[in-house]
Amino acid sequence: LSLDNIFSDAELVAFDEKVRRYLKTDAQLGYITEPKLDGLAVELVYRQGMLVVGSTRGDGVVGEDVTAQLKTVQSIPLRLRDTADALPEELVVRGEVFLSGKGFLLLNQQRQEAGEPLFANPRNAAAGSLRQLDPKITARRPLQFFIYGLANPEVLPVATQGEALAQLGRLGFPVNPLVTVCASLPAVEAQYQRLLATRHELDYEIDGMVVKVDSLGLQQRLGVTARAPRWAAAWKFPAVQATTVIEAVEFQVGRTGAVTPVAHLKPVDVNGVVVRRATLHNQDEIARKDLRLHDTVLIQRAGDVIPEIVKVIAEMRSGQEEPILFPANCPECGQPLAQTPGEAVVRCVNAYCPAQRLQQMIHFAGKSGLDVEGLGKKNVEQLVREGLVQTIPDFFRLNAEQLASLDGWGEKSAHNVLTAIEQRKTLPLAQLIAALGIRHVGEEIGRASCRERV
Ligand code: IVH
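Residues numbered from 1 in each chain as written. Predicted model: local features only at pLDDT ≥ 70, side-chain atom pairs only at ≥ 80, totals over all residues. Heavy atoms only, no water.

**What about the nonpolar core?**
Logical step 1: In this structure, L91, L168 and F173 are the most contacted members of the largest nonpolar core, which totals 34 residues.
Logical step 2: Counting residues per element, the ones that place at least two in this core are β3 (40–47), β6 (90–99), α3 (101–113), α4 (122–130), β7 (143–150) and α6 (161–170).
Logical step 3: Non-local contacts of L91, meaning those with residues more than four positions away in its chain, are made with L44, V45, Y46, L80, L150, N152, V155, L156, L168, L171 and F173.
Logical step 4: Listed in part, the 27 residues of the second largest apolar core include V270, A278, C330 and C348. (Core = buried A, V, L, I, M, F, W, Y, C linked by side-chain atoms within 4.5 Å. Buried < 20%, exposed > 50% of the residue type's maximum accessible area, 1.4 Å probe, protein only. Helix = DSSP H or I, 4+ residues; strand = E, 2+ residues; numbered from the N terminus. Contact = heavy atoms within 4.5 Å.)

Here's what the structure looks like:
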């Protein structure tokens, strides 16, 4: 699961109203706030007080077992401390593994000396360190851990997240010292301001503050949506901004025919990430922001969110700027584009448009679809270009000779891809439905339509 983001006091108030509406209550709710650590989520299973399994989220469906690697992280207890209360038979906890700022710099320094590629940020470094096949390598990385949740709270005698964290602390888990129970919304706001002001003094990166309903009973009543818990929100710190120039605009045709204008920017470093492109969303957005070709613009990046253009810096205009003209015809197949009244999106409605077809095939084979190993974007593009795949069933008609004769392929890669396709034939029906890439039909509707449990 991920967390819904909020960016302001007003959005915090709206989050609180939504929670209370769902619970049908006017009463003030108690919250708990925790720093949002920028690392990697892990789950740890303890049986009779001993760490037995540690995993990451893997591909979101099947986790990745990294028990041996996690056992090398100093602050993860291998055995729980005996307290006065009896230890539960099984305890399942979640938390974040991360590298300190210093640890990250040190690691990159060592890599530079060894002539190895550098990690772009502490989060990538933490993920890379846990994915090491050899736990001895993981052990040398200065990884740290903070606990933030209990997957099976019923096993401990606790009623709130605050009590759960205190109890987990007594069992030997590291609890972040900045966790704060807040009796009211103003207290949550004050804590956000405090965290924002002091984040630079911390030795690790945080990208915001997680606000959670403190009562575990209410958390359970609120439950989760397909993507996020209803009882929590991530209040993100303001985005990092930079200025650059729109050098060109490309019109990309997506899987459902939607035509999206994408700005090619003069490459600019925004807090450690080089930004080259930004989506302009649609025609209305271009008009609203009055964007023109060669404009100097303010861009921003918030966490992992795709960079966006905030506004034009009008004072920088020279008069040489040109309007961004939306094409009347599909840039790929030439058919006239259509717009549904009341919708901002312009679409190519040609069901045979090669660009849509290509995106559908990439979606089907890729992470958002069947997730066939070896059939990433580049390879699917090649299969489509060579005419081996035109429609979804074609993936299941591929044969070893055809594949092995492709540029850059051999017998081994052909065999691997065919085996991977074979393995994907037994996926849950809902995932297959989502992979078809029908507009508005994702995995949740996929599950509902084949009556699996959501
Ligand atoms: S609670 C999503 N608490 O943020 C399920 N998550 O954006 C509830 N994260 O996958 C998570 N600090 O890896 C929670 N104090 C905290 C957190 C935290 C960092 C990460 C976590 C999660 C991601 C969602």
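**Notes on the sheet that holds β6**
Logical step 1: Pairing is antiparallel in the open sheet, where five strands are placed in the order β5-β4-β3-β6-β7. Each end of this open sheet is capped by a strand with a single partner; those strands are β5 (64–65) and β7.
Logical step 2: In the sheet, β3 pairs with β6 via eight bridges, with the strands oriented antiparallel. In the sheet register, V42 faces β6, and the bridge partner there is G95. (Pairing = 2+ DSSP bridges.)

**A word on unusual backbone geometry**
Only a minority of non-glycine residues have a phi that is not negative, and only a minority of peptide bonds are not trans.
Logical step 1: At H294, a residue that is not glycine, the phi angle is positive and equals roughly 75°.
Logical step 2: Tracing the chain through its elements places H294 in the loop between β14 (292–293) and β15 (296–301).
Logical step 3: With phi around 70°, H440 is a residue other than glycine that occupies positive phi space.
Logical step 4: You can call H440 exposed: its relative accessible area is 67%.

**Focus: the site of the ligand**
Logical step 1: Residues in contact with the ligand, as listed here, are L1, S2, L3, E34, P35, K36, L37, A41, E96, Y148, V210 and K212.
Logical step 2: A distance of 3.2 Å separates a nitrogen atom of the ligand from a polar atom in the backbone of L37.
Logical step 3: Of all the secondary structure elements, the ones that give two or more residues to the shell around the ligand are β2 (31–37) and β9 (206–213).
Logical step 4: A per-element tally of the shell around the ligand places β2 first, with four residues.
Logical step 5: Across the shell around the ligand, the residue classes tally to seven nonpolar, one polar and four charged. (Near = heavy atom within 4 Å. Polar contact = N/O pair within 3.5 Å; in protein donor to acceptor, adjacent residues only side chain to side chain. Nonpolar A, V, L, I, M, F, W, Y, C, P; charged D, E, K, R; others polar.)

**Considering the environment of S2**
Logical step 1: Along the polypeptide, S2 turns up in the segment before β1 (4–6).
Logical step 2: Look past the residues within four positions of S2 in its chain and what remains in contact with it is R227, A228 and P229.

**Points about the pattern of salt bridges**
Logical step 1: As enumerated under the stated definition, the model contains 18 salt bridges in all.
Logical step 2: Between K212 and E34 there is a salt bridge, and its shortest N-O distance comes to 2.8 Å. Pair noted here: K212 is in strand β9 and E34 is in strand β2, with a separation of 178 residues, a long-range link.
Logical step 3: R288 is the salt-bridge partner of E285, the closest N and O atoms lying 3.1 Å from each other. Placement of both E285 and R288 in helix α9 (residues 283–289) is noted, with a separation of three residues, approximately one turn of the helix.
Logical step 4: Looking at R288, the relative accessible area reads 59%, which means it is exposed.
Logical step 5: If you follow the salt bridges from partner to partner, you end up with D290, R292, D295 and R317 in one network. (Salt bridge = Lys/Arg side-chain N within 4 Å of Asp/Glu carboxyl O.)

**Description of the packing of helix α1 (residues 9–23) against helix α7 (residues 185–198)**
Logical step 1: Contact pair α1 / α7: the axes reach a minimum separation of 11 Å and the direction vectors enclose 140°. When the interaxial angle is binned, α1 and α7 end up oblique. Every pair of crossing elements has a handedness; the one defined by α1 and α7 is right-handed. From α1, D9, L12, V13 and D16 reach across to α7, where they touch L185, V188 and E189.
Logical step 2: Looking at side-chain class alone, the contact of α1 with α7 contains four nonpolar, no polar and three charged residues. (Axes fitted to C-alpha atoms, helices over the stretch in contact; angles between N-to-C directions. Parallel < 35°, antiparallel > 145°, perpendicular 65-115°, else oblique. Left-handed = near helix turned anticlockwise from the far one by under 90°.)

**Topic: the sheet that holds β1**
Logical step 1: The five strands lie next to each other as β1-β10-β9-β2-β8, forming an open sheet whose pairing is mixed. Since the sheet does not close on itself, it has two edges, and those belong to β1 and β8 (180–182), each with one partner. Pairs of neighbouring strands in the sheet enclose a mean axial angle of 35°, with direction left out of account.
Logical step 2: Pairing analysis gives three bridges linking β2 to β8, with the strands arranged antiparallel. Within β8, the residue paired with Y31 across the bridge is C182.
Logical step 3: Of the strands in this sheet, β2, β8 and β9 touch α6, which is tilted by about 55° from β2.

**A short note on α6**
Logical step 1: Those residues of α6 lying buried are Q161, G162, A164, L165, Q167 and L168.
Logical step 2: The elements touched by buried residues of α6 are β2, β6, β7, β8, β9 and α8 (216–222).
Logical step 3: Remark: G172 follows α6 within two positions and exhibits a positive phi of approximately 115°.

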